[in-house]
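So the chains spell out like this:
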Amino acid sequence: MDFGRVITAMVTPFDKDGFVDYNKTTELIEHLLANGTDGLVVSGTTGESPTLLLEEKLKLFEHVQKVVDNRVPILAGTGDNSTKSSILLTKEAERLGMDGVLLVAPYYNKPSQQGLYEHFKAIAKETNLPIMLYNIPGRSVVNLEVDTVVKLSQIDNIVSLKEAGKNLDQVAEILKKVDQQFSVYSGNDNLTLPLLSIGVHGVVSVASHIIGNEIKKMIDLYINGNVTEAAAIHRDQLPIFQALFSQPSPAPVKTALEIFGIDVGGVRLPLVELTKEEKESLFNILKGTG
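About the criteria used
Residues numbered from 1 in each chain as written. Predicted model: local features only at pLDDT ≥ 70, side-chain atom pairs only at ≥ 80, totals over all residues. Heavy atoms only, no water. Helix = DSSP H or I, 4+ residues; strand = E, 2+ residues; numbered from the N terminus. Rg over C-alpha atoms; globule rule 2.2 N^0.38 Å. Buried < 20%, exposed > 50% of the residue type's maximum accessible area, 1.4 Å probe, protein only. Contact = heavy atoms within 4.5 Å. Areas by Shrake-Rupley, 256 points an atom, 1.4 Å probe, with all protein chains shown as cover. Lys, Arg positive; Asp, Glu negative; His and termini not counted. Charge placed at Lys NZ, Arg CZ, Asp CG, Glu CD. Core = buried A, V, L, I, M, F, W, Y, C linked by side-chain atoms within 4.5 Å. Pairing = 2+ DSSP bridges. Axes fitted to C-alpha atoms, helices over the stretch in contact; angles between N-to-C directions. UniProt positions renumbered as here; feature names shortened; annotations may be inferred. 1 Å grid on protein atoms, 1.4 Å probe; cavity = no way out; pocket = protein on both sides within 12 Å on 5 of 7 lines; lining within 4 Å. Phe/Tyr/Trp six-rings, centres within 6.5 Å; stacked < 30°, edge-to-face > 60°. Lys NZ or Arg CZ within 6 Å of the ring centre and 35° of its normal. Salt bridge = Lys/Arg side-chain N within 4 Å of Asp/Glu carboxyl O.

Student: When you look at the overall build of the protein in this model, what are you seeing that I'm missing?
Tutor: Across its full length, the protein holds twelve helices and eight strands. Against the 2.2 N^0.38 benchmark of 19 Å for 290 residues, the protein shows a C-alpha radius of gyration of 18 Å, consistent with a compact globule. A principal-axis box enclosing the C-alpha atoms of the protein has dimensions of 45 × 45 × 35 Å. The 290 residues of the protein split such that 54% are buried. Considering only residue pairs separated by 6 or more positions, the protein has 72% of its internal contacts joining residues 24 or more positions apart. Accessible area for the protein stands at about 13,100 Å²; split by element, carbon and sulfur atoms hold 49% of it. Of the charged side chains in the protein, 27 are positive and 36 negative, and the gap between their average positions amounts to 3 Å.

Set out below in structure tokens:
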């Protein structure tokens, strides 16, 4: 399944009391779809999935599915460090009409490569939905190694990988060994262009909340052979890519959206909002890049 070139890992909007705000969610979805987004991830890392209750996730899946109304693919973040919990949530996502699921490598448990393989295999067996694996060693501690990804790619409904590590050699080796139908996405905005050069399909992006059109243009230019122009966009937007991860995500991108007049509320503890000085710094970076 082609999930698109620019997939936005959508923030979860909250009201002033910290509850999920579904009206704001609708407004955010329309903003994203009008500004370069080809697909959505709901309740991923950027969506603060570890702090969302099960019932909140289910209601969020259902709401987003209704608002999107088949305009773009929706991936539900159903990964957990419990295989059983991941299976239950994945089944619910399928029941609610999601187009696929994003499964993060189990965090905290520190499973072996065999444990990682068995975890994802067990979930895949219980659903017909296409699965995007999510490798993010910086948060999960464990790394989905090349041979494990290749072995998992041979399971029919495991069709893609979001790679949020920083090892380009590993990505190149994966792309060399998997079937051409298996897609790999950059999980880091600042590595999208470098990874395009070795064959990734696109990006699961945070920065697309505010510069989605620019990211999409950069990818299109590169694919069409205009490498110099694509590189110029990358260099111009690099300060934003960096600023949005200057503090624990998604606090910076939620602040950036607020600066752009899109109210998505704050973050949930244990995350905290940016300080006055941090907000001023972010504002100046956004202003400086136009």
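Student: So what exactly am I meant to see when it comes to the nonpolar core here?
Tutor: Considering soluble globular proteins, one finds that nonpolar side chains tend to be buried as a cluster. Counting 82 residues, the largest nonpolar core has Phe61, Val64, Phe120 and Ile158 as the members making the most contacts within it. With near-sequence residues (within four places) excluded, valine 64 lies in contact with Met10, Thr25, Ile29, Leu40, Val42 and Ile74. Among the nonpolar cores identified, the runner-up in size contains 14 residues, and Val41, Met132, Ile136 and Val204 belong to it.

Student: Explain the side chain of glutamate 56 here, please?
Tutor: Tracing the backbone through its elements, the reader meets glutamate 56 in helix H2 (residues 54-68). Note on glutamate 56: relative accessible area 13%, which makes it buried. Filtering out sequence-adjacent residues up to four positions away, glutamate 56 remains in contact with Val20, Tyr22, Thr51 and Arg268.

Student: Honestly, the sheet that holds strand S1 (residues 6-9) in this entry has me stumped. Any pointers?
Tutor: Across a sheet, paired strands are connected by hydrogen bonds in the backbone, their directions being either parallel or antiparallel. One closed barrel holds the eight strands; their spatial order is S1-S2-S3-S4-S5-S6-S7-S8, and the pairing between them is parallel. For this sheet, the mean angle separating the axes of adjacent strands, direction not counted, is 25°. For strand S4 (residues 100-104) and strand S5 (residues 131-135), the ladder comprises four bridges, and the chain directions are parallel. Pairing of valine 101 across the sheet is with isoleucine 131, part of S5. Against the sheet, helix H9 (residues 208-223) contacts S1 and strand S8 (202-205), and its axis sits at roughly 160° relative to S1.

Student: Would you mind showing me how to read the UniProt feature "site: Part of a proton relay during catalysis" (unreviewed entry) in the protein here?
Tutor: UniProt annotation of "site: Part of a proton relay during catalysis" (unreviewed entry) refers to Thr45 and Tyr108 when read in the numbering used here. From the list above, the largest pocket is lined by Thr45 and Tyr108. Looking at the secondary structure, you find threonine 45 in the loop between strand S2 (39-42) and H2. Since its relative accessible area comes to 23%, threonine 45 is described here as partly exposed. In this structure, threonine 45 is in contact with Tyr134 and Arg139, ignoring residues within four places of it in sequence. Note on placement: tyrosine 108 falls in the loop between S4 and helix H4 (113-125). Accessibility expressed as a relative area gives 71% for tyrosine 108, which makes it exposed. Excluding residues that lie within four positions of it along the chain, tyrosine 108 makes contacts with Asn81 and Ser140.

Student: Would you mind showing me how to read the packing of aromatic side chains here?
Tutor: Aromatic ring pairs are described here by two measures, namely the spacing of the ring centres and the angle between the planes. Applying the stated criterion to the full structure yields zero aromatic pairs. We note lysine 151 situated over the ring of tyrosine 117; from NZ or CZ to the ring centre the distance is 4.2 Å.

Student: I keep staring at helix H11 (residues 251-259) and nothing clicks. Help me out?
Tutor: Each turn of an α-helix holds 3.6 residues, which means side chains three or four residues apart point in the same direction. Buried residues dominate H11, accounting for seven of its nine residues. Those residues of H11 that are buried are in contact with helix H1 (22-33), H9, helix H10 (227-243) and helix H12 (276-288). Among the residues trailing H11, glycine 261 stands out with phi positive, at a value near 85°.

Student: Help me understand the environment of valine 159 in this model?
Tutor: With respect to the helices, strands and loops of the structure, valine 159 is situated in strand S6 (residues 158-163). Residue classification places valine 159 among the buried residues on the basis of a relative accessible area of 14%. Sequence separation between valine 159 and aspartate 179 is 20 residues; the distance between their C-alpha atoms is 9.6 Å. Not counting the four nearest positions on each side in its chain, valine 159 is found in contact with Phe3, Pro130, Ile131, Gln181, Phe182 and Ser183.

Student: Is there a simple way to explain the pattern of salt bridges in this structure?
Tutor: Pairing of side chains with opposite charge becomes possible as their charged atoms draw close. Overall, the coordinates contain twelve salt bridges when judged by the stated rule. In this structure, the salt-bridge partner of lysine 24 is aspartate 263, at a minimum N-O distance of 3.1 Å. Pair noted here: lysine 24 is in helix H1 and aspartate 263 is in the loop between H11 and H12, with a separation of 239 residues, a long-range link. Note on aspartate 263: relative accessible area 45%, which makes it partly exposed. A salt bridge links arginine 71 to glutamate 30, with the shortest nitrogen-to-oxygen separation between them at 2.8 Å.

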